[in-house]
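Letter by letter, the chains look like this.
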Amino acid sequence: MTGFYTVLLLVVSNIFMTFAWYGHLKLQEMRLIDNWPLIGVILFSWGIALFEYSCQVPANRIGFVENGGPFNLVQLKVIQEVISLTVFTVFTLIVFKGEAFHWNHLAAFGCLILAVYFVFMK
């Protein structure tokens, strides 16, 4: 179950991370924060990122093999990157309607799947 909780926390973490990094662009597009100073946008994003770190740090701690988890450091990082790009893609397709998914994006995801395969290979 430790592996499941690690992945679940990483998914939640990456949802918050994606909103912190890119959500302000949609809010600006919607004219909700278009006249905010940059420091205000940064502080807003940091506030969201606090929740990201509140999930990311525990995920890495419980998932790390030296803490009793099932993953080594490289495996944790590859899992996090695959989750991050998956969450980002879903976010982009839902929130930013003008963005399109192309064949090369699918090819890139295929490479990510191969990365996961290779990092877990004994």
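Residues numbered from 1 in each chain as written. Predicted model: local features only at pLDDT ≥ 70, side-chain atom pairs only at ≥ 80, totals over all residues. Heavy atoms only, no water.

Asker: What exactly am I supposed to notice about the overall build of the protein here?
Answerer: Across its full length, the protein carries four helices and zero strands. When the helices and strands of the protein are read in sequence order from the N terminus, they spell out α-α-α-α. Seen along its three principal axes, the alpha-carbon backbone of the protein occupies a region of about 50 × 35 × 20 Å. Split into buried and exposed, the 122 residues of the protein put 33% on the buried side. When the 6 positive and 6 negative side-chain charges of the protein are each reduced to one mean point, those points stand 4 Å apart. (Helix = DSSP H or I, 4+ residues; strand = E, 2+ residues; numbered from the N terminus. Buried < 20%, exposed > 50% of the residue type's maximum accessible area, 1.4 Å probe, protein only. Lys, Arg positive; Asp, Glu negative; His and termini not counted. Charge placed at Lys NZ, Arg CZ, Asp CG, Glu CD.)

Asker: In this structure, what is going on with the nonpolar core? I would like to understand it.
Answerer: Buried together is how nonpolar side chains tend to be arranged in soluble globular proteins. In terms of nonpolar packing, the biggest core is built from seven residues, these being L10, A59, F71, L76, I79, I83 and V87. Here the element with the most residues in this core is helix α3 (residues 73–95); it accounts for four residues. Contacts of A59, omitting those with residues within four sequence positions, involve T6, L9, L10 and L76. (Core = buried A, V, L, I, M, F, W, Y, C linked by side-chain atoms within 4.5 Å. Contact = heavy atoms within 4.5 Å.)

Asker: How should I be thinking about the side chain of T92 in this particular structure?
Answerer: With respect to the helices and strands, the residue T92 is situated in helix α3. You can call T92 buried: its relative accessible area is 12%. Of note is the side chain of T92, whose polar atom sits 2.8 Å from the backbone oxygen of F88. Leave out the neighbours within four places in its chain, and T92 touches K97 and E99. (Polar contact = N/O pair within 3.5 Å; in protein donor to acceptor, adjacent residues only side chain to side chain.)

Asker: Explain the environment of A49 to me, please; I cannot follow it from the model alone.
Answerer: Mapped onto the elements of the fold, A49 is located in helix α2 (residues 38–63). Spatially, the C-alpha atoms of A49 and H24 are 12 Å apart, while their sequence positions differ by 25 residues.

Asker: Would you mind showing me how to read the pattern of salt bridges here?
Answerer: Should the charged atoms of two oppositely charged side chains come close, the side chains can pair. Within this structure, the stated rule accounts for three salt bridges. Here K26 ties to E29 by a salt bridge, and the two come within 2.7 Å at their closest N and O atoms. Of this pair, K26 and E29 both sit in helix α1 (residues 2–29), three residues apart, which is roughly one turn of that helix. Across the pair D34 and R31 runs a salt bridge whose closest N-O atoms are separated by 3.4 Å. On the basis of relative accessible area, D34 is assigned to the partly exposed category, the value being 33%. Take R31: its relative accessible area is 62%, and that puts it in the exposed class. (Salt bridge = Lys/Arg side-chain N within 4 Å of Asp/Glu carboxyl O.)

Asker: For this particular structure, what's the right way to read the layout of surface pockets?
Answerer: Gaps left between atoms are located by rolling a probe of water-molecule size over the structure's atoms. Reported here for the largest pocket is a volume of approximately 210 Å³. Surrounding the largest pocket, L85, F88, T89, T92, L93, E99, A100, F101, H105, A108, F109 and L112 form its lining. Every element with two or more residues in the lining of the largest pocket is listed here: α3 and α4 (103–120). Broken down by element, the residue count for the lining of the largest pocket peaks at five residues, all from α3. Tallied by class, residues from the lining of the largest pocket come to eight nonpolar, three polar and one charged. (1 Å grid on protein atoms, 1.4 Å probe; cavity = no way out; pocket = protein on both sides within 12 Å on 5 of 7 lines; lining within 4 Å. Points joined across faces, edges and corners; volume = space filled by probe spheres on them. Nonpolar A, V, L, I, M, F, W, Y, C, P; charged D, E, K, R; others polar.)

Honestly, that's just the spatial picture; any functional story needs more than this.
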